[in-house]
Each structure stands twice: as C-alpha cells, then as structure tokens.
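Survey of secondary and tertiary structure
Listed below are the residues making up each chain.
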Amino acid sequence: MNKNMKLFTGIILFGSLWGFSECIIGPWISNLGAPSGVIMTGLFAMIFLTLSRLLYKQKGMQISMGLVAGALRFFNPFGGCQVCSAIAIIAEGFIFETIWNLLTAYDLKNLQTLTNRVAIGVFTSYSVYVLGYLVTQILTPISYGLFNISDIIIMMPQYLARGLPAGLIGAFSIPIAISISNLDLKIKDRIYYPTTAIVTAFCWVFVIGNWLIYSI
Amino acid sequence: MSLGKEKLIPILAILVLIVGSSSSIYVYATQNKTTNIHNDSSNRIIIIGENEIQISYALENIEEITIETDDGEKTGIPIDELMVLSGIDCPSCHKYTIIAEDNYQKTVNWENMQEGILTKESRVYFPELAHAFWVRDVTEIEVN
C-alpha cells in the first residue's frame, strides 16, 4: 500500500513537473528565440523520464507520467491544438518507456559504461523527439479533418534532421540523470509526501492561473 | 542477451546520428537552392496553380483586413480573394496545398481559405486552425 502510494505520488509529481515545463518554460524558451521543442524533449523530458524510471523502477510509470503531463497541457490553451499537444506528450512517455523496456534493465546492467549511457541518451532523445513530432504532425490535421499523407512524406527529411540536436542534448542529459539517480537520496516519508503535494500543487496552480490571467 | 543489448545500444545511436546528419545535409542543400530563387522578399512571387503573382501586386489590388487570432491581431489580404485574383476556376471546388520555402506544406479546404489571410511577409494565418497550418515563407499554393 505504502509502495503503491509512493509510486502514485511519484507519477503525479514527475508528470506535473514535466507538464509544467512544457506549458510554462517551453513558451518562455520559444519567446527567447531558442528551439524550444528540441530543448524541452532533449533536456526536460529526458531528465524527468530517466530520473523517474531509475528512482521508482516501476513499469508503466513513464506512460502514466505522460498522461499527467498531457492533462496539464490540456489546461494550457496556448499554441494551437491542445488535444494534439497533449497526445504528443503522452506519445513521448509511451515511446520512452517502450525503448527503455526493450533496451535496458532497471539495474542498468547494460548501461555501466559512459559510452552506453551517452548512446542510449542519443538514441532515446532522437527517437522520442522525431516520433513525438511525427505524431503531432499526423494528429493535428486529423483532428481538423485535413489529413493529407503527402504533407507528411515531403517533410520526412526535415523531421529526421530536426531530431539531431535533440539527440545531441540527450547525449548529456540522460547520463547526467543516471548519475543523479545513483546518488543515495533517501527522503523520509514525513518529508516526501508534503513536498510532493506542495510541488504538484504549485505546478497545477501556476499553469491554470497563467491560463486564467491571459484569457481574461 | 544482455550482452547483445549492450552492443546494440551504441549501434542504434550511430544509426540515428547517421540518419539525422544525412537528413540535415539534404535539407540544407535543398533549402539553399530554393532560397536562391526567392531571396528578395519585397518582390516575392507566389505560384498559385499555374500562375505567378507578385505579393506587391496582390497588395495593390486586394484590400487588407485584420483578423483576430489566438496570437493577437494579424493583418493581410484574404486568401480567398487572392485565389479569385489569380484566376482559378471554381475556387470552392478545390483543396489547396500551401507550400513554404523549406517545402513544409499543409493542405486546407475552401472553407479554411475563406477565413485565412496572407501577410506582406508571405505568411498565412488561419484563425480557426492550429498553428501548424500557419505556413511561413509561402512560395506556392497548389490547387488540387
């Protein structure tokens, strides 16, 4: 029960942090003229997803985090199609979990060397970005009844090229997240639950408050 | 099995790096080619169907309007009037593929065209559609 509760709060915490970064930090980076999509996936999503997987070691956690982050994105009606963005985030969680379930074990047996940590960083970040982007580009026109396969095919070289910076960022972010997870961070329950509740509440109140301020 | 995965991970990473790099080179090479054709934005020409229209000519002949989008107010010429100006037969009978300088393209229908505008900077805005449809640096509108 205690373990399940810890997992549940972990999903809500990391999902909310991921959703918060997508809704608030992403547009902020974009306004600075930086490539926000690449940074959001390569840095923020990869760190939250890797940390949560290695700290909690539970199957299905990253998919669930995607659902929480996607739900938070749904409450942030900026940047066009909310449903598509929310589904893209959910897809990213699903793609990450599928790759790591296929290629790694929770004890990191095959990620002992720095080479392999960098390699999984490049492969995961690139794949999550490209496939997540592709999902958005397919779902957005579908949601408006305007899907045209040639619009996607002609852009494939662009989509494949855009994943490269995300892959290179992942070469750093995932090894760093693995190193952080190796630190012996033990938090007592009486601190863990209140901290989780406060951080989660902050993320949701900030995103919904931000939406209310800009929509009035 | 575990040892197999240990070797597989770097191979997969190298593979995506090769795919990403070669795609980047391809995109860079093809973009350079199209940019050389359309590098003068003030005299930009848009191909509409089989005709070519200069944006400055369209601006002289079609009154600009301002529309409200979720990204603020945008001013430009109504795209449906641009279609009429370019001499398309039965504009409401077609779908339209809006193509950008970098080959990015999105296909819309006549109802969307009636709500959209084309700006001086050659960007289209459709207030009712997602930003993915707001194609920048439009060079061609294909009539399907």
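In this text, all values refer to a predicted model and were calculated from it rather than measured experimentally.

**Let's talk about the overall build of chain B**
Along chain B, the regular secondary structure elements total 4 helices and 9 strands. Based on the C-alpha atoms only, the size of chain B along its principal axes is roughly 70 × 30 × 30 Å. Counting every position in chain B, which comprises 144 residues, the buried fraction comes to 42%. In chain B, 58% of the contacts between residues at least 6 apart in sequence involve partners at least 24 apart. In the structure as shown, chain B presents an accessible area of about 7,600 Å², 50% of it carried by carbon and sulfur atoms. Here chain B contributes 10 positive and 23 negative side-chain charges, whose respective centroids are spaced 15 Å apart.

**Thoughts on the packing of helix α1 (residues 2-31) of chain A against helix α3 (residues 61-74) of chain A**
Residues and elements named next belong to chain A. Between α1 and α3, whose axes approach to 7 Å, the crossing angle comes to 45 degrees. What the angle tells us is that α1 and α3 run oblique. Crossing handedness for the pair α1 and α3: right-handed. Across from L7, G10, I11, I12, F14, G15, S16, W18, G19, F20 and C23 in α1, the residues of α3 making contact are M61, S64, M65, G66, V68, A69, L72 and R73. Of the residues in the contact of α1 with α3, the class split is 12 nonpolar, 6 polar and 1 charged.

**So, the side chain of Q137 of chain A**
Within the secondary structure, Q137 of chain A sits in helix α5 (residues 114-143). Looking at Q137 of chain A, the relative accessible area reads 6%, which means it is buried. Reaching out from Q137 of chain A, the side chain makes a polar contact with the side chain of Y104 of chain B at a distance of 3.5 Å. One polar contact links Q137 of chain A to K106 of chain B, side chain to side chain, over a distance of 3.0 Å. In contact with Q137 of chain A, other than residues within four places in its own chain, are I152 and Y159 of chain A together with Y104 and K106 of chain B.

Rules of the game
Residues numbered from 1 in each chain as written. Chains lettered and ligands numbered in written order. Predicted model: local features only at pLDDT ≥ 70, side-chain atom pairs only at ≥ 80, totals over all residues. Heavy atoms only, no water. Helix = DSSP H or I, 4+ residues; strand = E, 2+ residues; numbered from the N terminus. Buried < 20%, exposed > 50% of the residue type's maximum accessible area, 1.4 Å probe, protein only. Contact = heavy atoms within 4.5 Å. Areas by Shrake-Rupley, 256 points an atom, 1.4 Å probe, with all protein chains shown as cover. Lys, Arg positive; Asp, Glu negative; His and termini not counted. Charge placed at Lys NZ, Arg CZ, Asp CG, Glu CD. Axes fitted to C-alpha atoms, helices over the stretch in contact; angles between N-to-C directions. Parallel < 35°, antiparallel > 145°, perpendicular 65-115°, else oblique. Left-handed = near helix turned anticlockwise from the far one by under 90°. Nonpolar A, V, L, I, M, F, W, Y, C, P; charged D, E, K, R; others polar. Polar contact = N/O pair within 3.5 Å; in protein donor to acceptor, adjacent residues only side chain to side chain.

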